[in-house]
Amino acid sequence: MQNISEIEELVRLISKLPGLGPKSAKRIVLKLINTRNELMKPMANSLAEVYRNVSRCKACGTLKSNSTGCNNCEVNDKKFNKICVVENIADQWSIENSSIYQGYYHILGGTLSSSPNQRKEDLLISSLVDRVKNDSIEEVIIATSATVEGQTTAHYIKDSLKDTKVKVSRLAQGLPVGGEIESLDDGTLFSAFKNRS
Ligand SMILES: [Zn+2]
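In what follows, the accompanying structure is described. Residue indices follow the written sequence of each chain, beginning from 1 at its first position. For a predicted model such as this one, the threshold for reporting local features is a pLDDT of at least 70, and the threshold for listing and counting side-chain atom pairs is 80 or more; totals across whole chains, interfaces and linings nevertheless cover every residue. To get the side-chain values, take all heavy atoms of the structure and skip hydrogens and water.

1. Here we look at the overall build of the chain
The following threshold applies: By the criteria applied, helices consist of DSSP H or I runs no shorter than four residues and strands consist of E runs no shorter than two, each listed in order from the N terminus. Residue burial is assigned from relative accessible area. The probe radius is 1.4 Å, only protein chains are included, and a residue is buried under 20% of its type maximum, exposed over 50%, and partly exposed in between. We call two residues in contact whenever any of their non-hydrogen atoms come within 4.5 Å of each other. Residue burial considers only the protein chains on display, and all accessible areas are found by Shrake-Rupley using a 1.4 Å probe. Positive charges come from Lys and Arg, negative ones from Asp and Glu, while His and the chain ends are left out of the count. Just so you know, the charge point we use is NZ for Lys, CZ for Arg, CG for Asp and CD for Glu.
Per the secondary structure count, the chain includes 7 helices and 6 strands. Each helix and strand of the chain, ordered N terminal to C terminal, gives the series α-α-α-β-β-β-α-β-α-β-α-β-α. C-alpha extents for the chain along the principal axes are approximately 65 × 40 × 35 Å. Looking at the chain as a whole, 37% of its 197 residues are labelled buried. The contacts of the chain with a sequence gap of at least 6 include a subset with a gap of at least 24, amounting to 56%. Surface summary for the chain: the accessible area is close to 12100 Å², and the carbon and sulfur share equals 52%. The average position of the 26 basic charges and that of the 23 acidic charges among the side chains of the chain differ by 1 Å.

Following this line, the structure appears as C-alpha cells:
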C-alpha cells in the first residue's frame, strides 16, 4: 500500500464498517481516489454534513435533522394514537420499509442488560411515559427483540407505563427466539404486528 499514512488511516477506518474487511476497504479507497471529484469530494462533504446536522432526538430517540426538527415526534403532520417502541434505529427503518405500521416510534437505543440498574435512564423510558401522557396515546406496541434482554426491557417498560392506563401490547410469538426485528422478513413482521397481544 505504498506506506502512505493518510491512505492507511482511511483503509483502517473503512474496514471498521459493517460487512467490510481490509480487502474491501482497500478497493473502496482506490475507487474513491479514482473518482476524486465525482465521489470522494461529495462523500466527504456529505459525511461532514451528517456529522454536523443529524443527531438523535432527545425525546423519541430517532434521528433528526437539527435544522428541521424531529419528523417523528415534533413536526409530524399526521397525528397518531400509537407508539411503537424499538431497540434501535435499524429496527425502525425495517418496520417503516414494511409499511405494516402507521404511528409514532420510540427508539430506546439499547436494552436493559441482565445486570441491575444499568443505564435505565439512558433508555428514554421516562420520556416515553411523558409522550404517552402528552400526546393522547392509546396503544404502546413493544417491539423489542425476542432475547432475554429484549424481554426484560419489555417488562420494565410495561411496568413504567402502569400508571398511564395506556394499552400495552407486545409483538406476537411469531418472532423466532433470539430474533432481532431488523433481521425479520416482512411476512414475519406482518404476522407479529397483526397478532400482537
Ligand atoms: Zn423525536
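Having put the structure on the table, let's press on.
2. Notes on the packing of aromatic side chains
The following threshold applies: By convention, a stacked pair of Phe, Tyr or Trp rings (six-membered ring in the case of Trp) has centres within 6.5 Å and planes under 30 degrees apart, an edge-to-face pair has planes over 60 apart, and any other such pair is tilted.
Here the structure, examined in full by the defined rule, presents 3 aromatic pairs. Taken together through their ring pairs, the aromatic side chains of Y101, Y105 and F193 make up a single cluster.

3. A few points about the coordination of the zinc ion
Test applied: Only nitrogen, oxygen and sulfur atoms qualify as donors, and only when within 2.8 Å of the metal (3.2 Å in the case of Na, K and Ca); with water excluded, sites may look incomplete. Geometry assignment treats four donors as tetrahedral when all angles are between 85 and 135 degrees, treats four as square planar and six as octahedral when opposite donors are over 155 degrees apart and all others between 65 and 115, and treats everything else as irregular.
Around the zinc ion, the protein supplies C57 (SG), C60 (SG), C70 (SG) and C73 (SG) as donor atoms, at distances of 2.3 Å. Classification of the site at the zinc ion as tetrahedral follows from its 4 donor atoms and the range of 100 to 117° in their angles at the metal. Every donor residue of the zinc ion comes from the same chain, spaced as C-x2-C-x9-C-x2-C. Of this pair, C60 sits in the loop between strand 1 (54–56) and strand 2 (63–65) while C73 is found in the loop between strand 2 and strand 3 (82–86), placing the two residues 13 residues apart along the sequence. On the basis of relative accessible area, C73 is assigned to the partly exposed category, the value being 24%.

4. Here's the deal with the pairing of strand 4 (residues 104–107)
Rules: DSSP-based pairing: two strands are paired if at least 2 bridges between them are found. The definition of a right-handed crossover adopted here requires that, viewed with the strands pointing away, the path from the first strand over the helix to the second runs clockwise.
A two-sided burial pattern is seen for strand 4, the buried positions comprising Y104 and H106 on one face and Y105 and I107 on the other. Where strand 3 meets strand 4, 4 bridges bridge the pair, whose relative direction is parallel. Bridge pairing in strand 4 places V86 opposite I107. With helix 4 (residues 89–98) bridging strand 3 and the parallel strand 4, this β-α-β connection has right-handed handedness.

5. Some thoughts on unusual backbone geometry
Phi angles above zero are rare outside glycine, and N3 is one such case at about 50°. Here N3 lies in the segment before helix 1 (5–14). At L124, a position not held by glycine, the phi torsion is positive, near 60°. Here L124 falls in the buried class, since its relative accessible area comes to 16%.

6. Digging into helix 2 (residues 22–34)
Since the α-helix turns once every 3.6 residues, residues separated by three or four places project in the same direction. Applicable threshold: Each residue after the first adds 1.5 Å to the expected span of a helix. Picture the helix axis, draw a direction to every C-beta atom, and the arc is the one those directions span.
Under the 1.5 Å per step criterion, the end-to-end length of helix 2 is 18 Å for 13 residues, consistent within 8% with the ideal 18 Å. Every buried residue belonging to helix 2 is among A25, V29 and L32, and all of these are buried. Burial along helix 2 is one-sided: seen end-on, the buried residues are contained in an arc of 60°. Turned more than 90 degrees from where helix 2 packs its buried face, K23, R27, L30 and N34 sit exposed.

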